[in-house]
Amino acid sequence: MKGRLARWGWSLFAWGLILLVAAPLVWMVATSLKPEDEVFSLEPALLPEEPTLEHYATLLTETGFAGYFANSATIATATTVVVVGLAVLGAFSLARFRYRGRETIASAVLLCYMLPSVVLIIPLYLMMVKLGLANTIASLVIAYTSFALPYALWLLRTFMAAIPAEIEQAALIDGASRMGAFFDVLLPQALPGIISTALFTFILAWNEYLFALVLVNADDVRPLTTGVMTMLVSGFNIEWSLLMAASVMMSVPLIIILAFLQGYLVKGFGAGAVKG
Amino acid sequence: MMAATAKLRGDGWLGPLLIAPVVVVLGAVIGYPLFTALALSLFEVDTPTLRASFAGIGNYAELLGPGGRFWPALGVTLVWTAATLALQVVLGVAMALLLNRDLWLRSLARSLVLFPYFVSTVVAVLVWRWLFNDLFGLANQGLMALGVIEAPIDWLGTMPNALLSVIVVGAWKFFPFVVIAVLARLQTIPESLYDAARLDGAGAWGRFRDVTLPQIGEVLGIVVLLRAIWDFKEFDLIYLLTGGGPVDATRTLPLTVYQEAFGLNRMGMAAAYAVAMMIVMLGFFVAYRLAVRGRS
């Protein structure tokens, strides 16, 4: 009896703390659904009394939000495809081959993974201007590989190194080529790791702010991060309900990932983040 | 036989060939820019016109000198890093211990805890700026309703509130990283260790100190180092919350680099700040490598 009570108390306490952590996000959703007079109220209710979707409608029809959203989707998808493609082959090389310079490359990748973007931003800006790529979607995809590729490579190398090499060796003895064994044996086993890496890369690119701030200042190529911030600055009165609606919409891909693919994210943490 | 030798020969260059695209791309987006940054730091460069004149170590002399902002910015960076990291670790370990127990709706709980870490910093900052709103923000209204404060507080525009707010929001945003890393380790601690401690008469605190803490120690060490590096270089969160203000009170090194380049139009000086900052970070990196090596 005492044991069960203690467990109840524990669960209640835990959930209290979790809700405290989640409170800003609950408030974000609540604000986005409140009519204007409930938002600017001196005695606010936690939940909207008359929930409305008007801010979402305004967001999609009267602001540049839909365009920013499309740009972000393009940039994040392109970055993910390029980065995961390169990293899968690179990680295969680092995990399964022996050659001179391999350890040097692995160390360099780790060093890159910790490099501050702010160091690269000035040279990359100059480079994009020189190449005539300033203010293009391509400039952001190129810039994003600078942080996403080392990350993806490190993550995938750890995943692949954890897969036993025996089955591959058996396939090689049976006459398969190295690449044949890679595609038929290693790749299927590494698939969960690849999905996890792709999700991480997508989220990183979707959330990036600094490069977008410096490399792009045209509204038709701007991604969500800088686009939504211009909505904050440009309005005379800050329309918080509109910004909260934008925040919710911007988080939709993440909510989908957390709801259905959470296991992959947690796996990625365990692999790349903590093991050196 | 011929096929076999061809395959072996193929093995010789296949490994390097597969990594080659990565090396080329990283050379273009990291190697070359790094080299450019080093070179730029020796010049005075006007950002809009890109007109440059050689300055030698002039930029470094200025930023380290009495009028330079390197030391104050480094101070702010270290305070921010140490304080937010400490909060992240305490909150992260506590939450990991909670989530490790039986809990109603554990998967939902884990999603809610993970959310701040993965959500865009832009979203996190917008929500917190709304919470910190002077008149209608939940922070002021809540504290006033509870009678903790009598008048609204300016959370982001005065000191020390601005620095404290940034530290708290940083802790909220990044502590889930600690949770997940520690939780993964907690789940591998054998229950028999706790049973043995219980037999020895250890209480909850004793079991935590004598069993849990030593077991998670290694993971915690790596996590602290990684987060120290990432917090040190954090730009978005601080820039978007306070912009470095009031005046320079929350201006960390990354924000100083950005401001020199695109606010004050001194690109060479910005590169010099960036290089100086990287040298500090190199120390972190060496520590990380040593820690990992010591572990394996």
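From a predicted model like this one, the values you see are computed outputs, not experimental measurements.

How would you summarise the interface of chain B and chain A if you had to cite specific residues and measurements?
Taken together, the contact pairs 91 residues of chain B with 89 residues of chain A. Together, W104, F118 and W130 of chain B form the three largest contributors to the area buried by chain B at its contact with chain A, with a combined 10%. There are zero salt bridges connecting chain B and chain A. Linking chain B with chain A are five residue pairs in polar contact (both at pLDDT 80 or more). In terms of residues, the side of chain B that touches chain A owes the most to one element, helix α1 (residues 2-40) of chain B, which gives 21 residues. Across the side of chain B that touches chain A, the residue classes break down as 74 nonpolar, seven polar and 10 charged.

Would you mind going over the layout of surface pockets in detail, with residue names and values included?
In this structure, the largest pocket occupies an estimated 740 Å³ of space. Around the largest pocket, the lining is made up of 24 residues, and of these L20, V21, A23 and P24 of chain A together with W128 of chain B lie nearest the centre. Listing elements by their share of the lining of the largest pocket, those giving two or more residues are α1 (2-32) of chain A together with α3 (70-100), α5 (121-131), α6 (138-145) and α7 (161-186) of chain B. In terms of residue count, the dominant contributor to the lining of the largest pocket is α1 of chain A (eight residues). A class-by-class count of the residues in the lining of the largest pocket yields 23 nonpolar, one polar and no charged.

Report on the side chain of S93 of chain A, specifying residues and quantitative values.
Mapped onto the fold, S93 of chain A is located in helix α4 (residues 65-96). Among the polar contacts listed, one links the side chain of S93 of chain A to the backbone oxygen of G15 of chain B, at a separation of 2.7 Å. Once residues within four sequence positions are removed from consideration, S93 of chain A is found in contact with Y99 and R102 of chain A together with G15, P16, L18 and I19 of chain B.

I'd like to hear about the packing of aromatic side chains, residue by residue, with values.
Under the counting rule described, the total for this entry stands at 32 aromatic pairs over all chains. For the ring pair F65 of chain A and F69 of chain A, a centre distance of 6.1 Å and an interplane angle of 45° mean the geometry is tilted. Remark: F69 of chain A and F65 of chain A occur in helix α4; sequence separation between them is four residues, near one turn of the helix. Both rings, one in Y125 of chain A and one in F262 of chain B, keep their centres 5.5 Å apart while their planes meet at 90°; by these two values the pair is edge-to-face. Highlighted residues: Y125 of chain A in helix α6 (residues 117-131) and F262 of chain B in helix α11 (residues 253-263), drawn from two different chains. Accessibility expressed as a relative area gives 23% for Y125 of chain A, which makes it partly exposed.

Got a sec to walk through the UniProt feature "transmembrane region" (unreviewed entry) in chain A? Specific residues and values, please.
Residue and element names in this part refer to chain A. UniProt records the feature "transmembrane region" (unreviewed entry) for residues 12-30, 68-92, 104-126, 132-156, 185-206 and 240-261 in the present numbering. As annotated, residues 12-30 has a helix share of 100% and a strand share of 0%, and its two end C-alpha atoms lie 23 Å apart. A helix fraction of 80% and a strand fraction of 0% characterise residues 132-156, whose end C-alpha atoms lie 33 Å from each other.

Tell me about the domain arrangement of chain A, and please be specific about residues and values.
Residues and elements named next belong to chain A. Examined at the domain level, chain A breaks down into domain 1 (2-52) and domain 2 (63-273). Centre-to-centre, using C-alpha coordinates, domain 1 lies 33 Å away from domain 2. Elements with a minimum of two residues in the side of domain 1 that touches domain 2: α1 and α2 (36-39). In terms of residue count, the dominant contributor to the side of domain 1 that touches domain 2 is α1 (four residues). For the side of domain 1 that touches domain 2, the per-class residue count stands at four nonpolar, two polar and two charged.

Can you break down empty space enclosed by the protein residue by residue, with the values?
With the rule as written, the count across this model stands at two cavities of 30 Å³ or more. Approximately 880 Å³ is the volume attributed to the largest cavity. Elements with a contribution of two residues or more to the lining of the largest cavity: α5 (102-113), α6, α7 (137-161) and α9 (178-207) of chain A together with α4 (106-118), α7 and α9 (204-232) of chain B. Here the residues of the lining of the largest cavity sort into 20 nonpolar, five polar and six charged. Of the volumes computed, that of the second largest cavity is approximately 70 Å³. Along the walls of the second largest cavity sit F202, I203, W206, N207, M250, S251, P253, L254 and I257 of chain A together with F118, V119 and S120 of chain B, which together make up its complete lining. Residue assignment for the lining of the second largest cavity shows that the elements contributing at least two residues are α9 and α13 (252-260) of chain A. Among the elements that take part in the lining of the second largest cavity, α9 of chain A stands out by supplying four residues, more than any other. Looking at the lining of the second largest cavity, its residues break down into nine nonpolar, three polar and no charged.

Residues and numbers for the packing of α4 of chain B against α7 of chain B, please.
Each pair of packed helices can be summarised by the angle the axes make with each other and by the distance between the axes. Residue and element names in this part refer to chain B. Relative to each other, α4 and α7 sit at 125°, their axes nearing to 6 Å. Between α4 and α7, the interaxial angle falls into the category oblique. Along this stretch, α4 crosses α7, giving a crossing that reads as left-handed. Of α7, the residues touching α4 (which contributes R110, V113, L114, P116, Y117 and F118) are W172, K173, F174, F175, P176, F177, V179, I180 and L183.

Can you explain the nonpolar core? Please cite residues and give values.
Of all hydrophobic cores here, the largest spans 191 residues; its most connected members are Y144 and F211 of chain A together with M95, L99 and L126 of chain B. The greatest single-element share of this core, amounting to 16 residues, is contributed by helix α12 (residues 267-295) of chain B. Shared between two domains, this core takes at least three residues from each, and those domains are domain 1 (2-52) and domain 2 (63-273) of chain A.

Can you explain α5 of chain B? Please cite residues and give values.
Residue and element names in this part refer to chain B. With 10 of its 11 residues buried, α5 lies for the most part within the structure. Taken together, the buried positions of α5 are T121, V122, V123, A124, V125, L126, V127, W128, W130 and L131. Capping of α5 at its N-terminal end is provided by S120; its side-chain oxygen lies 3.1 Å from the backbone amide nitrogen of V122.

Which residues make up the side chain of T81 of chain B, and what values go with them?
All names here are of chain B. When you line up the elements, T81 lands in helix α3. Taking the relative accessible area as the measure of exposure, T81 reaches 5% and is therefore buried. Other than its neighbours up to four places away in sequence, T81 contacts A228, D231 and F232.

An account of the packing of α6 of chain A against α7 of chain A is requested, with residue identities and associated values reported.
All names here are of chain A. Contact geometry for α6 and α7: axes closest at 11 Å, N-to-C directions at 150°. Taken as axis vectors, α6 and α7 run roughly antiparallel relative to one another. Where α6 crosses over α7, the handedness of that crossing is right-handed. Two secondary-structure elements touch here, α6 through S117, L120, L124 and M128 and α7 through S139, I142, A143, S146 and F147.

Now, about the environment of V166 of chain B: what can you tell me, with residues and values included?
Inspection of the secondary structure puts V166 of chain B in helix α7. In this structure, the C-alpha to C-alpha distance between V166 of chain B and W128 of chain B, residues 38 residues apart in sequence, is 9.9 Å.

Thresholds, definitions, all that
- Residues numbered from 1 in each chain as written.
- Chains lettered and ligands numbered in written order.
- Predicted model: local features only at pLDDT ≥ 70, side-chain atom pairs only at ≥ 80, totals over all residues.
- Heavy atoms only, no water.
- Contact = heavy atoms within 4.5 Å.
- Buried area = accessible area lost by both parts, 1.4 Å probe.
- Salt bridge = Lys/Arg side-chain N within 4 Å of Asp/Glu carboxyl O.
- Polar contact = N/O pair within 3.5 Å; in protein donor to acceptor, adjacent residues only side chain to side chain.
- Helix = DSSP H or I, 4+ residues; strand = E, 2+ residues; numbered from the N terminus.
- Nonpolar A, V, L, I, M, F, W, Y, C, P; charged D, E, K, R; others polar.
- 1 Å grid on protein atoms, 1.4 Å probe; cavity = no way out; pocket = protein on both sides within 12 Å on 5 of 7 lines; lining within 4 Å.
- Points joined across faces, edges and corners; volume = space filled by probe spheres on them.
- Phe/Tyr/Trp six-rings, centres within 6.5 Å; stacked < 30°, edge-to-face > 60°.
- Buried < 20%, exposed > 50% of the residue type's maximum accessible area, 1.4 Å probe, protein only.
- UniProt positions renumbered as here; feature names shortened; annotations may be inferred.
- Domains from an automatic or database assignment.
- Axes fitted to C-alpha atoms, helices over the stretch in contact; angles between N-to-C directions.
- Parallel < 35°, antiparallel > 145°, perpendicular 65-115°, else oblique.
- Left-handed = near helix turned anticlockwise from the far one by under 90°.
- Core = buried A, V, L, I, M, F, W, Y, C linked by side-chain atoms within 4.5 Å.

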